[in-house]
Amino acid sequence: GTAGACLPQASPDMKLKRFLVRYYPPGIIMEYESNGEMKQKTIDLLSLTVETDVEVLLNQILKQEPLLTESKRPYVRKLLYKLIEKQDVQDTQPFYLFKILRAHILPLTNCAFNKNGDRFITGSYDRTCKIWNTTTGEELLTLEGHKNVVYAIAFNNPFGDKIITGSFDKTCKVWDAKTGELLHTLKGHATEIVCLSFNPQGDVIATGSMDNTAKLWSTKTGEELCTLLGHTAEIVSLSFNQKGDKLITGSFDHTTKLWDVASGRCLHTFQGHRGEISSCQFDFEGARCITGSIDRSCKVWDVRTGMCLNTLRGHNDEILDVSFNSTGSRLVTASADGTARVYNAATGACVSILVGHEGEISKVQFSPEGSRLITASSDKTCRLWAADSGECLQILEGHMDEIFSCAFNYEGDTIITGSKDNTCRIWKA
């Protein structure tokens, strides 16, 4: 159903200006004017599927939303059908190799897409980050200035106009994605930066380091907002919630900590794993988060209470990556045992097991609509899977060495893979 508190009865000063559609996860964003100010309200439709009874949902939405008058019914109906169409991927075209990019002389460390997938970035041991045009495969810009390996990289999605690069030189740099201009150098960590992220609003940057701390920085000024102290070993994974007011950090000290972004206060320490944390992530609604550990288990946590809701077992080697689908209804674990497992996030039931790789899986990601998954493996292949059945739909072959990175673009029609063979490959459907 719809989420969020209802607005007060639509007063004359509230004018609906336009609708924006969010495909993944499904939602309708209403832009309205209130007392001369532009505001936004989102109707989350996380459980929307092909089976949804549109008329029932339509009635419910119109009843709950003061901004939506009866005259808007046909329009909202059209939006709902458009959203449903996007959740239903029938034409699963096979992916073909579109381009091979010999990105850097020295080894690649990471690659990442911007939101609409027309640009992607690569980081390297050559101390640079390069920006590429996905459509043509041409190199647009080289971001130079770090004095050591560029390890962690990210766009400020959904905006895509800024890039951050975290380096073994202990700094993080903020760049203009259009011009390549260096905007800020974030100094303060004592050792290498190994993970980083923008919050979804784009105004705060988080960095995680081998110095056992995470730091929060202002995107605008480049100033340090606070240092998150408490972990007793390196921080290797971090994740903001959708609201951008909370952050989780996963550490080699076997714990994951939940932080309040505004104050830098630690709200909970999620304890219970018996080995280093490899990966952690919030779900879309921010009520749950997951942690994967080298203890071979994945735990689901209640963000509000700090309690462990579920421990997902079944792998017989380290878990190297964990990820939710876009709505948070499912999660996937990838392991050094060469398999990935899909679970129902609410019940902890195992939905499918993805068997076929001949080496460890270091990365896994759901397609935007959630019906498929990709896995990157040391066996030099990336595989595409059906999430429900666990069937392997396609093997993306051609890399000459292990693949450490794979990602879908927002539309789900392009995949990028990064390998130790020092190439990035772009695959298109």
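Since this is a predicted model, take the numbers as computed values, not measurements.

**Description of the pattern of salt bridges**
Phase 1: Scanning all chains against the criterion turns up 15 salt bridges.
Phase 2: A salt bridge links Lys 86 to Glu 411; the shortest N-O distance between them is 3.1 Å. A residue pair is termed long-range when its members are at least 10 positions apart, and Lys 86 in helix H2 (residues 73-87) and Glu 411 in the loop between strand S33 (403-408) and strand S34 (414-419) qualify at 325 residues.
Phase 3: You can call Lys 86 partly exposed: its relative accessible area is 21%.

**Some details on the layout of surface pockets**
Phase 1: If you add up the space inside the second largest pocket, you get close to 670 Å³.
Phase 2: If you trace the second largest pocket, you find 28 residues lining it, with Thr 49, Asn 325, Glu 369, Gly 370 and Ser 371 closest to the centre.
Phase 3: When its residues are assigned to classes, the lining of the second largest pocket shows 9 nonpolar, 10 polar and 9 charged.

**Focus on H2**
Phase 1: The first and last C-alpha atoms of H2 sit 21 Å apart over 15 residues, in line with the 21 Å expected at 1.5 Å per residue.
Phase 2: Listing the buried residues of H2 in full gives Arg 73, Val 76, Leu 79, Leu 80, Leu 83, Ile 84 and Gln 87. Around the axis of H2, the buried residues are gathered within 135° of arc, so they sit on the same side. Facing away from the buried surface of H2 by more than 90 degrees, the exposed residues are Lys 78 and Glu 85.
Phase 3: Those residues of H2 that are buried are in contact with strand S1 (14-22), strand S2 (27-34) and helix H1 (54-64).

The rules behind the values
- Residues numbered from 1 in each chain as written.
- Predicted model: local features only at pLDDT ≥ 70, side-chain atom pairs only at ≥ 80, totals over all residues.
- Heavy atoms only, no water.
- Salt bridge = Lys/Arg side-chain N within 4 Å of Asp/Glu carboxyl O.
- Helix = DSSP H or I, 4+ residues; strand = E, 2+ residues; numbered from the N terminus.
- Buried < 20%, exposed > 50% of the residue type's maximum accessible area, 1.4 Å probe, protein only.
- 1 Å grid on protein atoms, 1.4 Å probe; cavity = no way out; pocket = protein on both sides within 12 Å on 5 of 7 lines; lining within 4 Å.
- Points joined across faces, edges and corners; volume = space filled by probe spheres on them.
- Nonpolar A, V, L, I, M, F, W, Y, C, P; charged D, E, K, R; others polar.
- Expected span 1.5 Å × (residues − 1).
- Arc of directions from axis to C-beta.
- Contact = heavy atoms within 4.5 Å.

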